[in-house]
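Coordinate analysis (summary)
Given next are the chains, with one letter for each unit.
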Amino acid sequence: MKKIAFALSALALAQAAGAAFNFLDPVSFQVTYRPEGVLIANLFGDAQNEMALVVDSPQRVVVFSSSGGGTLNVVNTYSVNGSGIRELAAADVDNDGDLDLGVVLHNSNGIRFMMNDGSGLSPGQLAPVGANARGVATADFDGDGDVDFAVANRDGNSFSVVLDTGDPAFASATFPAGDEPRGVAAGLFDNDAFPDLVCANHDDRTITVHRNSGSGTFTTVATITVPTDRPEHVATGDVDGDGDVDILVATNRLTVYLNNGSGTFTLGGSYQTNGIDPSHMAVGDLDGDGDLDVAIANESSGTISLMENSGTGTFSLGHQVATGSHPDGVAIGDLNADGVMDVAVTNRDSNTVSVLLGFSPSLPPSPVLSSCTADFNRDGDIGTDQDIELFFECLAGNCCQTCFTPDFDGDGDSGTDADIETFFRALAGNC
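No experiment lies behind these values; they were computed from the predicted model shown.

**A closer look at the nonpolar core**
- Phe29, Met51, Leu53, Phe64, Val353 and Val355 are the most contacted members of the largest nonpolar core, which totals 20 residues.
- Sort the elements by how many residues they give to this core and strand β6 (residues 50-55) lands first, with three residues.
- Leaving out residues up to four positions away in the same chain, leucine 53 has contacts with Val31, Pro35, Gly37, Val38, Arg60, Val61, Val62, Phe64, Thr346 and Val353.
- Membership of the second largest hydrophobic core comes to 17 residues, among which are Leu43, Val61, Tyr78 and Met114.

What follows is the structure, encoded as structure tokens:
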């Protein structure tokens, strides 16, 4: 049995568009149907982070983990009671030391809490929110030491705040936003120790800033018209390094609003992503230089753009990396415990998740990911009897949830002679 240890070629991002990013070529993994939100976090208290994402029909959370043998494997899939799964966020809502998940269900108008016992997830309470919830943010909004949740309600022109009141128990309240909010993000905008919120309002082309009273109730203090296009998503972070939390908005560009220090904002700049229809984004230090960069999904071009921060809150032209069809959720985190940030993006119409592993140019890249189809059950061993047995079971219509589907040649037809030939070619070491 041969352990997977595939060395992947490096993307030449250092030469492209002046960027200083170092990533391996993206590797994609199949995840049944319509993946959307994704996050990277240490869910089970082991030495490495996991990647969790949500998929539709049926509504489930799928958790991947990186193993020391050189693979990214599905740990488990967990059913979520509810309808219209969209996004997710992690927080220890029951204070047991394990990160639980809050899963946004836009048809159920609620957040389903998936409770973590340290070894797995199970459905907990459904906290009510407004109509057609999109986006999710977390912070301690009421100052009681527990992490709370906020969502934007697309059909309600509002946002809802779900306070963790203990045990766990939850209390929901809804506040007005702009017209059709599609994203929400939290930040200490006015430096008073109470996290505030910002909503991206698609139809009236605004962002609205909402000040926290300190008890988890909010007042709208600013409505800012976005000059570039309709806001699809919003994120926060100190991008200019002055100690204040700034606002980033995805429209047809990346638009940045710099915090003046008192919770008021000035347009800092607008930057081309180089892709079509930017939407969800994540903020993190992608090049290891100490400032916050941006990874943003371009829905209509099937790419993700990596945008380097100069350190002053200005951004390079986005460098596009091909993903799958209709990239949606984006996460930044260290998946393989090498101290370098990685990027994950879900591809809704391809039914895949793509992972870009970052590496330090001073060290050889870690060979940690493979999508070799000969490892059919994704246990890290290629071409075992179990791989072959499961392959033929899947051809007969009995696919396991964590296996590859048998459309190996990507022509839309499963179990053809070409698919079988591709599988056995992989068995021979020709992945």
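On we go from here.
**With respect to the sheet that holds strand β29 (residues 327-333)**
- Pairing in this open sheet of four strands is antiparallel, and the strands run β4-β31-β30-β29 from one edge to the other. The open sheet has two edge strands with one neighbour each: β4 (27-30) and β29. For this sheet, the mean angle separating the axes of adjacent strands, direction not counted, is 20°.
- The pairing of β4 with strand β31 (residues 352-356) spans four bridges and is classified as antiparallel. Opposite serine 28, over in β31, you have serine 354 as the bridge partner.

**Description of the pairing of strand β27 (residues 303-307)**
- Counting buried positions over the five residues of β27 gives five, a clear majority of the element.
- Burial along β27 is two-sided: Thr303, Ser305 and Met307 facing one way and Ile304 and Leu306 facing the other are all buried.
- Pairing of strand β26 (residues 293-298) with β27 involves five bridges; the strand directions are antiparallel. Residue pairing across strands places valine 294 opposite methionine 307, the latter belonging to β27.
- Judged from the four bridges that link them, β27 and strand β28 (residues 319-322) form a sheet pairing that is antiparallel. Pairing of threonine 303 across the sheet is with alanine 322, part of β28.

**A few points about the environment of leucine 105**
- Within the element layout of this structure, leucine 105 appears in strand β10 (residues 100-105).
- Judged by its relative accessible area of 0%, leucine 105 falls in the buried class.
- Taking the C-alpha atoms as reference, leucine 105 lies 6.0 Å from arginine 86; in sequence the two are 19 residues apart.
- Those residues in contact with leucine 105 that lie beyond four places of it in its chain are Val80, Asn81, Gly82, Ser83, Gly84, Ile85, Gly110, Arg112 and Leu126.

**Observations concerning unusual backbone geometry**
- Located in the positive-phi region is asparagine 109, a residue other than glycine, with phi close to 50°.
- With respect to the helices and strands, the residue asparagine 109 is situated in the loop between β10 and β11 (110-116).
- Look at alanine 337: it is not a glycine, yet its phi comes out positive at around 55°.
- Structurally, alanine 337 can be placed in the loop between β29 and β30 (342-347).
- Judged by its relative accessible area of 47%, alanine 337 is partly exposed.

**A short note on the packing of aromatic side chains**
- The full count for this structure, using the stated rule, is ten aromatic pairs.
- For the pair phenylalanine 113 and phenylalanine 170, a centre-to-centre distance of 4.0 Å together with 0° between the ring planes defines the contact as stacked. With phenylalanine 113 in strand β11 and phenylalanine 170 in strand β16 (residues 170-176), this residue pair connects regions lying 57 residues apart in the sequence.
- Taken together, a centroid distance of 5.8 Å and an interplanar angle of 80° make the contact between phenylalanine 159 and phenylalanine 218 edge-to-face. Of the two residues, phenylalanine 159 is situated in strand β15 (residues 158-164) and phenylalanine 218 in strand β20 (residues 218-225); the sequence distance between them amounts to 59 residues. Phenylalanine 218 matches phenylalanine 159 in its accessibility class, with the two residues each being buried.
- Pairwise contacts between aromatic rings join Phe141, Phe159, Phe175 and Phe218 into one cluster.

About the criteria used
Residues numbered from 1 in each chain as written. Predicted model: local features only at pLDDT ≥ 70, side-chain atom pairs only at ≥ 80, totals over all residues. Heavy atoms only, no water. Core = buried A, V, L, I, M, F, W, Y, C linked by side-chain atoms within 4.5 Å. Buried < 20%, exposed > 50% of the residue type's maximum accessible area, 1.4 Å probe, protein only. Helix = DSSP H or I, 4+ residues; strand = E, 2+ residues; numbered from the N terminus. Contact = heavy atoms within 4.5 Å. Pairing = 2+ DSSP bridges. Axes fitted to C-alpha atoms, helices over the stretch in contact; angles between N-to-C directions. Phe/Tyr/Trp six-rings, centres within 6.5 Å; stacked < 30°, edge-to-face > 60°.

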